[in-house]
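A closer look at the structure
The primary structure of each chain is shown beneath.
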Amino acid sequence: MESNVSANLPLLLTGATVIHFDPPRVELADIRIRDGRIHELAAELSPQEGEQVVDLAGRWVMPGLVCGHHHLYSALACGMPFLPDAPVDFADMLAKVWWRMDKALDRESVELCGLVGGIGALRVGVTTIVDHHASPNYVVGSLETLDGALDQLGLRRVLCYEVTDRGGPAEAQAGLDAHKQLLASVPDGWRAVMVGAHANFTLSDDTLRACGDLAREAGVGVHIHVAEAAGDEVLVGEPLIDRMERLGALVPGSLLAHCVHLSPDELQRAYDAGAWTSHQARSNMNNGVGYAPLQHFGPHSVLGTDGIGGDMIAEVQAAYFRSQEGGVGWFADRFLQTLHAASTFAGDKLGVTLGLIQPGAQADLLVLDPIPGPPLLGENLANAIIFRFTSGMVRHVMTGGQWRLWDREPVGVDQLAVDARARRAAMALWRRMLENDQAAR
Ligand SMILES: [Zn+2]
């Protein structure tokens, strides 16, 4: 496909309406890009020799979005065979849907999950994905496979494997081992690794302690589901934050996903320990696990999709509407802060500045087709994102100064070939699920 920009050319984007999230601000400016980063931001910059000029007059430019908690491994799940008896609660949903599906993932399907989920995210303006991966029959090597797929697309990623005891001690050890090669690699701004852990109720004391130890040794956090359903604490038989403290698993920089059933005191202790929390409104509604006490979530909170695609605009809108219904008292500006916070979180892991359009920050940008209407101002930006924006506005996406989506088409990736492979891989995955069901009977 034809992109109008090739790799690493010095670039000047002119005439764009530039949207800043932190603090909310809108200005007309030109953007000079050098070596993958924003070099200069000012009105009416003059083109320099060797610079390619891209006229963005009339378009909106905003920071690339970060999905703070994703499960790319679910990317081939839509259409998979269901069991005749529907899940009755969240634990049953894991057993009958997700743990049945993830066991059938192999190398090919994991790679396709990365490509398909990654393209889906790119097309709706996501430039960085914080992922939580599981494929119990392809554990060691799975993170490298996902990493390679996302690298092809030019997406930044914070990866981990969700360690669990549900498949026994050898599988738990393999989950820990799955991190080691990438943890030892040199940080390059594109990939970071956390230590993944599924959830307290599928982890023995020893395994959860080992996750904390590995994370602390590597200087990274633990990425774990915490108190997603009310039953989690009952299954464990101990308050979850108490347990994580006792086992040394509440490591600074950790990411606690969901936290639907934590008390204000527990959320405060997690925050004081340097952990972040993530909120997935659509997933919580889909799983019927209850409404997270957002009013007690601290500033170190991010939004994620929990595997329901990559659309962070749809996610922030759903989170806002659910909060209005829930009487949380968060205004739209707090949701904009939380949407932006994932850039701070992921940028810290990756060792780069994300989410800001300013000199020195990575050139991870979206070019949007504006929707005609009232003037877009800093004062109304948060409300505009809730009530006016859609991910359908995303026309071009850049990461590290290179176009990754141009005119809504992924650059450098044959989307039709990926689609053909994905259809084959999905059908093979679903067939393995049915074979596994038969073998279990
Ligand atoms: Zn999750």
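Presented here is an overview of the structure given in this document. (Residues numbered from 1 in each chain as written. Predicted model: local features only at pLDDT ≥ 70, side-chain atom pairs only at ≥ 80, totals over all residues. Heavy atoms only, no water.)

A few points about the packing of aromatic side chains
Taken as a whole and judged by the stated rule, the model has eight aromatic pairs. An angle of 80° between the planes, with centres 5.7 Å apart, marks the rings of Tyr320 and Phe387 as edge-to-face. Placement of Tyr320 in helix H11 (residues 312-326) and of Phe387 in helix H13 (residues 381-387) is noted, with a sequence separation of 67 residues between them. Under the relative-accessibility criterion, Tyr320 is labelled buried at 10%. A connected cluster of aromatic rings, assembled from ring pairs, spans Tyr320, Phe321, Trp330, Phe335 and Phe387. (Phe/Tyr/Trp six-rings, centres within 6.5 Å; stacked < 30°, edge-to-face > 60°. Helix = DSSP H or I, 4+ residues; strand = E, 2+ residues; numbered from the N terminus. Buried < 20%, exposed > 50% of the residue type's maximum accessible area, 1.4 Å probe, protein only.)

Points about the nonpolar core
Ranked by internal contacts, the top residues of the largest apolar core, which has 112 residues, are Met62, Leu65, Ile224, Val226, Leu256 and Phe389. For this core, the domains that each give at least three residues are domain 1 (11-63 + 356-410) and domain 2 (65-350). Those residues within four positions of Leu256 in sequence are excluded, and the remaining contacts are Ile224, Val226, Ile241, Met244, Leu250, Ala270, Ala275, Trp276, Thr277 and Ser278. Core analysis: the next-biggest nonpolar cluster, separate from the first, contains 18 residues, Ala16, Ala29, Leu56 and Val367 among them. (Core = buried A, V, L, I, M, F, W, Y, C linked by side-chain atoms within 4.5 Å. Domains from an automatic or database assignment. Contact = heavy atoms within 4.5 Å.)

A closer look at helix H6 (residues 205-218)
With 14 residues, H6 extends 20 Å between its outermost C-alpha atoms, agreeing within 8% with the 20 Å of an ideal straight helix rising 1.5 Å per residue. Along H6, the residues that are buried comprise Thr207, Leu208, Cys211, Gly212, Leu214 and Ala215. Down the axis of H6, the buried set is contained in an arc of 160°. They therefore lie on one face. Pointing more than 90 degrees away from the buried face of H6 are the exposed residues Asp206 and Glu217. As for H6, its buried residues are in contact with helix H4 (169-177), helix H5 (180-183), strand E10 (195-199), strand E11 (222-226) and helix H8 (240-246). Gly219, located one to two residues past H6, shows a positive phi value of around 70°. (Expected span 1.5 Å × (residues − 1). Arc of directions from axis to C-beta.)

Brief notes about the state of the cysteines
This model, assessed by the stated rule, comprises zero disulfides. Here Cys67 is not disulfide-linked; the sulfur of Cys160 is the nearest cysteine sulfur, at 12 Å. The buried category is assigned to Cys67, whose relative accessible area is 0%. Classification of Cys160 as buried rests on a relative accessible area of 0%. (Disulfide = S-S within 2.5 Å.)

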